[in-house]
Each structure stands twice: as structure tokens, then as C-alpha cells.
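# An overview of the molecular structure
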Amino acid sequence: MRMPNLTDAIGGMSLSSPNRVLVVGCAYGGISAIVNLLEYSNGKARQPVYPGPDFKGAKSRRGVEVTVIDERDGYFHSVGAPLAHVASEYTSHMWKRFSHLNELKQPNLTFKHGSVKSINPEAKVAEWSDRSGKTQQQAYDYLIVATGLKRHWPAVPKSGSYEEYLRDGKSFIEKITGGDESKHEGRRVVIIGAGAVGIEFAGEIKQYYPKIGVTLVHSRDQVLSSEPLPSELKDRVGTMLKEEGVDVVLGNRAKIEELSNGKFEVTLANGEKITADFVIDSTRKGMPTTDILPEACLNEDKEIKVHNSLMFKDTIPNHTSHFGVGDVIQWSGIKRAGSATVMGQAAAQNIYSSILNSELPETAPESDRHGQTELPSWDAVIGIAVGKQCLTYDPKNGIKYGVEVMQNYFGKDLGWTASLKYMGLTDTIDPVEVELKEPEATKLTEVGIKPVSIAA
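Residues numbered from 1 in each chain as written. Predicted model: local features only at pLDDT ≥ 70, side-chain atom pairs only at ≥ 80, totals over all residues. Heavy atoms only, no water.

Under an unreviewed UniProt entry, the name given to the protein is FAD/NAD(P)-binding domain-containing protein, and the organism recorded is Macroventuria anomochaeta.

Printed below as a string of C-alpha cells:
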């Protein structure tokens, strides 16, 4: 296969061509970068989470052209997946199609629905395939990789279009309820794996369908066993699950067998057998979606190696034009939606700073040049929904939990209303959104170091 070269990348480009920014992946980090880049290019700027350059409304002489390539046709609230895939009234609510978001209808913003196959950092060209399978090339001047982790259904959608996703969600909920959300007495759902996803699915199912028996099975002696969090926090979450009516089985691996009658037999390591109407496997770990990048820019866990500015380290050509944000990069703390959102803003700041600096004359004094935003390392923090309750933790404020914490932190839709409000994104009003009560405040506390963060 012919690889693109530098001629391909700059063909037809002149000094008056817009600065081309390519964003690969459009979840929390990607959409944050896009929104901030659009504002900077229009001479506006929101309050930065971390100190950075003050552009004073400066506009790029060449302008900024943003292209987004994403496998989905919308912005999905993955934090809300346990609610969206349990309660049918929330399924459509958690997916906002890009074409329906008013603030993204900009002449210098283009969305392309497809999958990036490879990145050539020397040529600054991405090779991607559209939904029909046609291979195309996209040249760029700056790249933001925001592809996140490759996770599995039902933690994230398995389909790329809104219509396909709605069918998947409907089918999954029918498996939980038996096809009738109002008559589900006597059914049992077993969830394997008590990480955050398993815990939240267990809590949501029990909250919305209290007559369904819910069993959460985990191989370790505490829930959230893989997270670098205090032991007392894990014990508290286990207690909260039991308070919500979930049967918690710890210290047992499980073997699943589908029976001829459509039910499942779950055999625990201690020999106990549980008959279930449906089994949810939440044990599979997400992996960084970085196979599109040269191995030279990745660590042993396939995460992108970046500086505190989120710029790639100098292991590839043109590293100063490549940025990574969110779950896909090597960073401290627990991978979080709020962290990715903050990173998206910082990456946008640093790219715009580079754009403005590149347009200064060579004789411009150093004082005219814009600096960079650098992010600190973050502590392990968490916000987790457990049915009607929520638990939050950061080293400064400690553990907080309860129904009131849930209302203040997540609201009624696991933080989606607060997230959209923080990003300043509006859609055509749907019935679910009208019924929802907004959280008391738009918070971003899970970043830990700053008193701002998005729930999750």
C-alpha cells in the first residue's frame, strides 16, 4: 500500500490556507477541544481550569479549520451508560447527534463519520475509512488524538449511528426485563465484575426494577479492587450496594453456561450455582485505541507518552504538532470524563497558542509570544453512582456518600445535564430533558486538584 508523503500533506496549501486541526475521537476530551478551539478562533475564551495564555481576543490571520473523524454520529455520555441501558426513557437522551448540537453548526467545523486507520506524523496525514468502507486521506497541521479506550458493550455503544444504538439499547433492556418493563417479578440478573461499570449497572437495575433479583459477583474480596483507592471506600461501596438490595458475592470467580431454556447457570468457585435470566459480563478491561499511531510514541501499555502540555514526546517527527487527551494518554490518577474535558481545553489552548506564535514575524519580541498551559499530575479520585446513592472521594475532602450527594453530584441523569451545560451545548428539547431537574451546580470536582470537574 502506498504511504502518503509530505507532498500529499501540503499539496495545494499556501501561506493563506487555514490552520487545519484534525480531532480523532469526539467524546469528552475531543468535544472539549473542539468547543474551545472554535471559541478561540472567534476571539472568545471561557475561564480556563488551569492558568494558561491570555489571547486577549486575538484571531488567527489564517483562520482555524477543524475536522473531526469519529466512529459515532453523536456525542455519547458514556458515564450515563448504566442508566441509558437500563431505563428506556434515558436511552435516546444520552446520545446527542453532532448535527443536532447548535453550537457545532459552524462553517469552519466538519464532521466525518468513519474510522481512522493510520496516522503518518511525518506527512501529517491520517488515513481513514468512511461507513461504506471507502479509504480516504485527511491532511492536517495539528492533530488531537482523543480516541479513548476500546471498551465493550454495554459500557459503551457497539454501534456507530443513533438509530442502530437505539435498537441495541431496546434489545438490551428487554433482556433485563424479559420484554415488559412493568412486569418483571421473579427475574434474576447476574453481573460479573464489581468494577465501576458492574457496580453502577447493578444499582440502576435494582433501582428501576426493584422486583428483579440482582447478584453482583466479584473475584476479589472487595469491590473496585483494581482501583488505587482507600480500603474503607471500597467497603463503603459494598455496603451501599447491599443497602440498595443487591446481593454481593465476593471472592468467587464465575463460570457461565447458557441453558437450553434460554436461562443461564452461573457456577461460583465455591460450588454454588445461580440460575439467571440474564448475565452481564463487566470484567473486560478497556484498552487504549492507539493502534493507529507509530509504536515509538506509546508506552508498554499502549498509551501515548505526552508532556505536561499534552504534546507528544519527541519520539516521532513533528511531535510539537501532535497532542493527546483523555483516557488514551499516559497520566496519573483514574481515567475520568472530567479529566478528559480539562485536557481537551488545555490542548486547544496550546494549539491556538502555537498558531498565533507561528503568525508572528520572526523579529517579534519574546514578550509577544504566547506560552503554554501545563497540567499537573492528579490524585486518584472517584464519583460513583450506587442506585439512589452516590459516593465521591478525593484526598482533600475524603469520602462523602448518600442520596443528597447523588442529587448534588450527578442529578437525575448521571451528570449529563451538567456536562452539556458546562460545555455550553444545546440540542432541540426532548421530553426527557424537559422532565429532568438540573443539578444544583455544574461541578467538575473529580479532577481533584481544582474545585471543578464533570461527574464521573
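Moving on from the model shown.
## Remarks on the overall build of the protein
Within the protein, the secondary structure is distributed over ten helices and 21 strands. Here the protein has a C-alpha radius of gyration of 23 Å; the compact-globule value for 456 residues is 23 Å, and the two agree. Looking at the protein as a whole, 55% of its 456 residues qualify as buried. Expressed as a percentage of contacts within the protein between residues at least 6 apart in sequence, the contacts between residues at least 24 apart total 67%. Carbon together with sulfur atoms contributes 47% to the accessible area of the protein, which is approximately 20200 Å² in total. Between the averaged position of the 52 positive side-chain charges in the protein and that of its 58 negative side-chain charges there is a distance of 1 Å. (Helix = DSSP H or I, 4+ residues; strand = E, 2+ residues; numbered from the N terminus. Rg over C-alpha atoms; globule rule 2.2 N^0.38 Å. Buried < 20%, exposed > 50% of the residue type's maximum accessible area, 1.4 Å probe, protein only. Contact = heavy atoms within 4.5 Å. Areas by Shrake-Rupley, 256 points an atom, 1.4 Å probe, with all protein chains shown as cover. Lys, Arg positive; Asp, Glu negative; His and termini not counted. Charge placed at Lys NZ, Arg CZ, Asp CG, Glu CD.)

## With respect to the side chain of Q138
Relative to the helices and strands, Q138 resides in strand β7 (residues 135–139). Using a relative accessible area of 11% as the deciding quantity, one classes Q138 as buried. Of note is the side chain of Q138, whose polar atom sits 2.6 Å from the side chain of K112. When near neighbours in sequence (up to four residues on either side) are disregarded, Q138 contacts L22, T67, I69, K112, K124, V125, A126 and W128. (Polar contact = N/O pair within 3.5 Å; in protein donor to acceptor, adjacent residues only side chain to side chain.)

## Some thoughts on the pairing of strand β20 (residues 389–394)
Burial within β20 is extensive, with six of its six residues counted as buried. What you see with β20 is no split at all: Q389, L391 and Y393 on one side and C390, T392 and D394 on the other are buried throughout. Sheet topology note: the strand β19 (residues 382–386)/β20 ladder contains five bridges and is antiparallel. Following the sheet pairing, V386 is matched in β20 by Q389. (Pairing = 2+ DSSP bridges.)

## A short note on the packing of helix α2 (residues 28–41) against helix α7 (residues 337–358)
With their axes 7 Å apart at the nearest point, α2 and α7 run at an angle of 35° to one another. For the pair α2 and α7, the crossing hand works out as right-handed. Judged by residue contacts, Y28, G29, S32, A33, N36, L37, Y40 and S41 of α2 engage A337, A340, T341, G344, Q345, A348, Q349, I351 and Y352 from α7. Here the residues of the contact of α2 with α7 sort into nine nonpolar, eight polar and no charged. (Axes fitted to C-alpha atoms, helices over the stretch in contact; angles between N-to-C directions. Left-handed = near helix turned anticlockwise from the far one by under 90°. Nonpolar A, V, L, I, M, F, W, Y, C, P; charged D, E, K, R; others polar.)

## What about the nonpolar core?
Judged by nonpolar contacts, the single largest core of 119 residues is most densely connected at L104, I144, I199, I205, V237, L241 and L310. The dominant element in this core, judged by the number of residues it contributes, is α7, at eleven residues. (Core = buried A, V, L, I, M, F, W, Y, C linked by side-chain atoms within 4.5 Å.)

## Description of the packing of aromatic side chains
Tallied over the entire structure, the rule returns 15 aromatic pairs. Between Y40 and Y352, the aromatic rings sit 5.6 Å apart at their centres with planes inclined by 25°, giving stacked as the arrangement. With a gap of 312 residues between them, Y40 in helix α2 and Y352 in helix α7 connect regions that are remote in the sequence. Classification of Y352 by relative accessible area gives buried; the value is 0%. With centroids separated by 5.0 Å and ring planes inclined at 70°, the aromatic side chains of Y75 and W416 adopt a geometry described as edge-to-face. Here the residue Y75 occupies a position in strand β3 (residues 74–76), and W416 occupies one in helix α9 (residues 416–423), the gap between them amounting to 341 residues. Sitting over the face of the ring of Y162, R97 holds its NZ or CZ atom 3.8 Å from the ring centroid. (Phe/Tyr/Trp six-rings, centres within 6.5 Å; stacked < 30°, edge-to-face > 60°. Lys NZ or Arg CZ within 6 Å of the ring centre and 35° of its normal.)

## Brief notes about the sheet that holds strand β15 (residues 273–276)
Spatially, the three strands line up as an open sheet ordered β13-β14-β15, and their pairing is antiparallel. Looking along the sheet, the strands with just one partner apiece sit at the ends: β13 (254–258) and β15. Mean inter-strand twist for the sheet, computed between neighbouring axes without regard to direction, equals 20°. Pairing of strand β14 (residues 264–268) with β15, which is carried by four bridges, proceeds in the antiparallel orientation. Counted as the bridge partner of F264 is A276 from β15.

## Let's talk about the confidence of the model for the protein
Across the protein, the average pLDDT comes to 91, with 90% of residues at 70 or higher. Counting interchain partners and residues more than four positions distant, the pLDDT-below-50 stretch residues 1–14 has 20 contacts. Low pLDDT, under 50, characterises residues 431–456; the stretch is placed with 85 contacts to residues that sit more than four places away or in other chains. (pLDDT = per-residue confidence, 0-100.)

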